[in-house]
Amino acid sequence: MVDRLTDQVEKEERDLRILEAVIESGPIGIVRIAEETDIPEHKVRYSLRMLENDGLVEPTPDGATPADGIDERLAEMNEGIDDLVARLDGLKDTF
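Residues numbered from 1 in each chain as written. Predicted model: local features only at pLDDT ≥ 70, side-chain atom pairs only at ≥ 80, totals over all residues. Heavy atoms only, no water.

**A short note on the pairing of strand E2 (residues 63-66)**
Sheet analysis places strand E1 (residues 57-60) next to E2, joined by four bridges and oriented antiparallel. Looking at the pairing, Val57 lines up with Pro66 of E2. (Pairing = 2+ DSSP bridges. Helix = DSSP H or I, 4+ residues; strand = E, 2+ residues; numbered from the N terminus.)

**Topic: the nonpolar core**
Of all hydrophobic cores here, the largest spans 14 residues; its most connected members are Ile18, Val22, Ile33, Val44 and Leu48. Residue contacts for Val44: discarding those within four places in its chain leaves Ile18, Ile30, Ile33, Ala34 and Ile39. (Core = buried A, V, L, I, M, F, W, Y, C linked by side-chain atoms within 4.5 Å. Buried < 20%, exposed > 50% of the residue type's maximum accessible area, 1.4 Å probe, protein only. Contact = heavy atoms within 4.5 Å.)

**Quick look at unusual backbone geometry**
Of note, the amide linkage connecting Gly26 to Pro27 takes the cis form, showing an omega dihedral of 0 degrees. Tracing the backbone through its elements, the reader meets Pro27 in the loop between helix H1 (2-25) and helix H2 (30-37).

**Considering a negative patch on the surface**
Side chains of Asp3, Asp7, Glu10 and Glu13 sit close together on the surface and give a patch of like negative charge. Assignment of secondary structure puts Asp7 in helix H1. (Patch = residues over 30% accessible without salt bridge, like charges linked within 9 Å, V, L, I, M, F, W, Y side chains within 5 Å. Areas by Shrake-Rupley, 256 points an atom, 1.4 Å probe, with all protein chains shown as cover. Salt bridge = Lys/Arg side-chain N within 4 Å of Asp/Glu carboxyl O. Lys, Arg positive; Asp, Glu negative; His and termini not counted. Charge placed at Lys NZ, Arg CZ, Asp CG, Glu CD.)

**What to know about a nonpolar patch on the surface**
On the surface, a nonpolar cluster with roughly 330 Å² of combined accessible area is contributed by Leu5, Val9, Leu88 and Leu91. Elements with a contribution of two residues or more to the nonpolar patch: H1 and helix H4 (70-92). Within the fold, Leu91 resides in helix H4. For Leu91, a relative accessible area of 45% gives the class partly exposed.

**Describing the packing of H1 against H2**
Two elements in contact, H1 and H2, have axes separated by 10 Å at closest approach and are oriented at 115 degrees. In terms of axis orientation, H1 runs roughly perpendicular to H2. Crossing of H1 over H2 shows right-handed handedness. The residues of H2 that touch H1, namely those facing Arg17, Ile18, Ala21, Val22 and Ser25, are Arg32, Ile33, Glu36 and Thr37. The class makeup of the residues in the contact of H1 with H2 is four nonpolar, two polar and three charged. (Axes fitted to C-alpha atoms, helices over the stretch in contact; angles between N-to-C directions. Parallel < 35°, antiparallel > 145°, perpendicular 65-115°, else oblique. Left-handed = near helix turned anticlockwise from the far one by under 90°. Nonpolar A, V, L, I, M, F, W, Y, C, P; charged D, E, K, R; others polar.)

**Observations concerning H1**
Over its 24 residues, H1 runs 34 Å from end to end, which matches the ideal 34 Å to within 8%, given 1.5 Å per residue. Within H1, the full set of buried residues consists of Arg14, Asp15, Ile18, Leu19, Ala21, Val22 and Ser25. Close packing links the buried residues of H1 with H2, helix H3 (41-53), E1, E2 and H4. (Expected span 1.5 Å × (residues − 1).)

**Quick notes on H2**
Along H2, the residues classified as buried are Ile33, Ala34 and Thr37. All buried residues of H2 lie within an arc of 100 degrees about the axis, which places them on one face of the element. Each element contacted by the buried residues of H2 is listed here: H1 and H3. Positive phi appears at Asp38, one or two residues downstream of H2, with a value of about 60 degrees. (Arc of directions from axis to C-beta.)

As structure tokens, then:
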């Protein structure tokens, strides 16, 4: 169970690194993100698709850009992460 959770957290960390690159340098393409983050292009492509599905980035002909209202979305994400941390902390004392 911990291995699955670790894998998921690693994927989310990768997505956040890519989102950071988009916020800082957008519009930005897959190749440039891969170069800047040292993440393989196929993983960048996948993460961008996930970030687009989450409403955090938008594709353009010039590359990915942050979605409108990104600051509000990031605030919501941080609140959600805080909630998850609290839930996980509670789980460790269950056993």
